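Fold and geometry: a report
Chain residues, written in single-letter form:
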Amino acid sequence: MRRTSIVAALTAVFALATTAVALAAPAPPANDSRDSPVILGPLPATASGTTVGATVAPTDPSSSCATEGGSVWYQLAVGAQAPPKIAVQVDANGELDAAVDVFIKQRSQNVPVTCQRTDKHGEAVFAFTPQKRTTYLIRVAQLSNSVSGTFGLRVFQPPPAATPPGAPLGAQGASGALARVVDVSSAYSAHLTAGVSYQVNLVSRIKGCMRLAIFAPGTKSFDSESPVGGLRCQGYRLFTPRLSGQYSLLVEADDFAPGTQRYHLQLAAATAAQTAPGLPLGNDQRVGGYLNGSHVGLVRLYRFDVTTRSDLQLNLSTGSQRPFTLELLSQGGRRLDCSCDSAGDQTLTYTTRPGRYYALVQARDFSSGGFTLIRRSRTITHTTVLIDGARYIQEPSGASASIQVHVRPGVSGPATVEIDRFDPVAGWQFYKDARVNVADGRGSVSFVPPSTGQWLAHADFLGSRGASPSESGYSRLLSAEPLTDQLTPGLR
């Protein structure tokens, strides 16, 4: 009786353990085997799936994209009329990382067609050229080091690539959305006049590069003909056509950016505010305007001339922390200085030689708003100071000396003269400042040394509205009295 109880107890424990194992291991999905795939209906077809509990059969084909874990299968039959392309898109949920394969089902064999791994966003999307009267198997397999999870599957015929000439592009531009593989391009057309410069702005906020290609009038195919201009990555540019006629503008999706890629394209004739000669910018002149980084009105170009070597200061005020760029360009278009990564109020300082210069204000990062720009050019000056026309002079004690301030070129403005005295123990000591008015490069002040000894004069030209400050070196004055023999009579 006791032995029977022990056997019964062991049997109960074994049954509980078997039940626990059964509860711990989820059942495989219904389409775990390639012999029982989910049949996809006419395109477009969608399905949801999971790799939870999925297994790998020893006879499952290998993948060139990854080492697979558990997988599930889908089947698609292509009839007598095969579409030009079939696209496959998988969006993995959670932290599932997967490889997606397409095979041709050929009797007991599976011929690989193409494959792709999900990216860091959990998306895999690709297209292949199908054969008519062919059955395809689509496998979604979690990577061997991935957690299992759910996903969405979409199989569809992607829209054909855009063809010329494209829809007319209105004055306000056009907005749209593309996606890699799924919807790769859009085309627009506009009549352009030879020799007229046009602003082109392709705005897209994706972390990638949508492209723009501009094709000449008469283009029949975007694939067989070369563009005459464009943008490798979304942004702004000027385009000046050589021929008049209807041009095509092809917007292309980034090949790697996931999801929907939204954009806005606008084109408008450029004015002097956007291209040479630019708007005039006088010295000490205040100009302003409004920029919109999401449209063609995102730049303002100014020109100014400098006739003497000068200190230039450009002050840009936006009234906020708007990311506007301020650039200084030479007559040849070389960038001399730039606050390219700044926001809000900005100042550029530069030493200019005689010539023509340009100042460019441009909205950045889709920002919009008003701005004020002020240019200040001041002639670079050189100051010297002389005492009675010399750098060093000796005068009798009590004699008046003329301290002369010379400023080149011959500008006018205030100056100060600092006078120092020499102490044989403590060295040079400040004595006083004298104010001098410089007119046409010259000014002077009289000085009578209060005692014998050595004196220094140093001048500072304080600058003016049109001239920069500068300072001189030193000039020396020795105020002397006749030497006398101080020896007492008994020592002679």
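Residues numbered from 1 in each chain as written. Predicted model: local features only at pLDDT ≥ 70, side-chain atom pairs only at ≥ 80, totals over all residues. Heavy atoms only, no water.

1. Examining the state of the cysteines
This is how it is decided: By definition, disulfides here are pairs of cysteine sulfur atoms that lie within 2.5 Å. Secondary structure is summarised from DSSP: a helix means a run of H or I of at least four residues, a strand means a run of E of at least two, and numbering begins at the N terminus for each. Relative accessible area decides the class of each residue, using a 1.4 Å probe on protein chains only: under 20% of the type maximum gives buried, over 50% gives exposed, and in between gives partly exposed.
Here the structure, examined in full by the defined rule, presents three disulfides. Each sulfur of the disulfide joining Cys-209 and Cys-233 lies 2.0 Å from the other. Looking along the S-S bond of the Cys-209-Cys-233 disulfide, the torsion reads about -85 degrees, which is the left-handed sense. Here Cys-209 is found in the loop between strand E13 (198-203) and strand E14 (211-215), whereas its partner Cys-233 is found in the loop between strand E15 (229-231) and strand E16 (235-239), with 24 residues between them in sequence. Given the relative accessible area of 29%, Cys-233 is considered partly exposed. Put simply, Cys-338 and Cys-340 are joined by a disulfide, and their sulfur atoms are 1.8 Å apart.

2. Thoughts on unusual backbone geometry
Cis rather than trans, the peptide bond between Leu-43 and Pro-44 has omega equal to 0 degrees. The residue Pro-44 is located in the loop between strand E1 (38-39) and strand E2 (45-50) in this model. Going from Ala-276 to Pro-277, the amide bond is cis rather than trans, its omega being 15 degrees. Mapping Pro-277 onto the fold places it in the loop between strand E18 (261-269) and strand E19 (279-280). With a phi angle near 65 degrees, Val-181 is a residue other than glycine that sits in the positive phi range. Residue placement: Val-181 occurs in the loop between strand E11 (174-178) and strand E12 (185-192).

3. Digging into the sheet that holds strand E6 (residues 109-117)
Spelled out, the test is: Note: two strands are recorded as paired if DSSP finds a minimum of 2 bridges between them.
Spatially, E1-E3-E8-E5-E6 is the arrangement adopted by the five strands of the open sheet, whose pairing is mixed. This sheet does not close on itself; its edge strands, each paired only once, are E1 and E6. Here E1 pairs with strand E3 (residues 68-78) via two bridges, running parallel. The residue bridging Val-38 from the neighbouring strand is Tyr-74, located in E3.

4. Structural notes on the pairing of strand E8 (residues 134-143)
For E8, the buried fraction is high: nine of the ten residues fall into the buried class. The sheet contact formed by strand E5 (residues 98-106) and E8 spans seven bridges and is antiparallel. Residue Phe-103 lies in a different strand from E8, and its bridge partner there is Leu-137.

5. What about the sheet that holds strand E9 (residues 150-156)?
Rules: Simply put, an axis is a line fit to the C-alpha atoms, just over the touching stretch for a helix, and the angle between two N-to-C directions goes from 0 to 180 degrees.
Read across the sheet, four strands follow the order E2-E9-E4-E7 without closing on themselves; strand pairing throughout is antiparallel. Looking at the sheet topology across the chains shown, the edges are occupied by E2 and strand E7 (123-128). The sheet shows a mean angle of 15 degrees between the axes of neighbouring strands, direction not considered. The sheet contact formed by strand E4 (residues 86-92) and E9 spans six bridges and is antiparallel. Its bridge partner lying in E9, Val-88 is registered against Val-155.

6. Considerations on the packing of aromatic side chains
Aromatic ring pairs are described here by two measures, namely the spacing of the ring centres and the angle between the planes. We apply this condition: Side-chain rings of Phe, Tyr and Trp, where Trp is taken by its six-membered ring, are said to pair if the distance between their centres is within 6.5 Å; with planes under 30 degrees apart they count as stacked, over 60 as edge-to-face, and otherwise as tilted.
One pass over the full model with this rule turns up ten aromatic pairs. When the centroid spacing of 6.0 Å and the interplanar angle of 35 degrees are considered together, the rings of Trp-73 and Phe-103 count as tilted. Residue Trp-73 is located in strand E3, and its partner Phe-103 is located in strand E5; the two are separated by 30 residues in the primary sequence. In terms of burial, Trp-73 and Phe-103 fall into one category: buried.

7. A word on the side chain of Ser-468
The cut-off we apply is this: Two N or O atoms count as a polar contact when they lie within 3.5 Å, although within protein this holds only if one can serve as hydrogen donor and the other as acceptor, and sequence-adjacent residues are included solely when both atoms are side-chain atoms. We call two residues contacting when some pair of their heavy atoms lies within 4.5 Å.
If you trace the backbone, Ser-468 turns up in the loop between strand E34 (453-461) and strand E35 (470-480). At 3.4 Å, the side chain of Ser-468 and the backbone oxygen of Arg-378 are in polar contact. Every residue in contact with Ser-468, bar those within four places of it in the chain, is listed here: Asp-311, Arg-378, Thr-379, Ile-380, Thr-381, Phe-461 and Gly-463.

8. What to know about the environment of Val-88
Checked against the element boundaries, Val-88 lands in strand E4. Through-space distance from the C-alpha of Val-88 to that of Thr-46 is 9.9 Å; in sequence the pair is 42 residues apart. Non-local contacts of Val-88, meaning those with residues more than four positions away in its chain, are made with Val-100, Val-102, Ala-124, Val-125, Phe-126, Phe-128, Ile-138, Leu-153 and Arg-154.

9. Some thoughts on the pattern of salt bridges
The criterion, for reference: What makes a salt bridge here is a side-chain nitrogen of Lys or Arg within 4 Å of a carboxyl oxygen of Asp or Glu, nothing more.
If you walk through the whole model with that rule in mind, you get eleven salt bridges. Here Arg-139 ties to Asp-101 by a salt bridge, and the two come within 3.7 Å at their closest N and O atoms. With a gap of 38 residues between them, Arg-139 in strand E8 and Asp-101 in strand E5 connect regions that are remote in the sequence. Its relative accessible area of 2% is what places Arg-139 among the buried residues. Asp-101 sits in the buried class, given a relative accessible area of 3%. Note that Arg-465 and Asp-284 form a salt bridge whose closest N and O atoms lie 3.0 Å from each other. Taken together, the residues span a long stretch of sequence, with Arg-465 in the loop between E34 and E35 and Asp-284 in the loop between E19 and strand E20 (286-292) at a distance of 181 residues. Each of Asp-119, Glu-123 and Arg-180 takes part in salt bridges that share partners, so that together they form one network.

10. Structural notes on the confidence of the model for the protein chain
The criterion, for reference: Every residue is assigned a pLDDT by the predictor, reflecting its confidence on a scale from 0 to 100.
Here the protein chain averages 92 in pLDDT, while 93% of its residues score no lower than 70. This stretch, residues 16-22, has a pLDDT under 50; its non-local contacts, to residues over four places away or in other chains, come to zero contacts.

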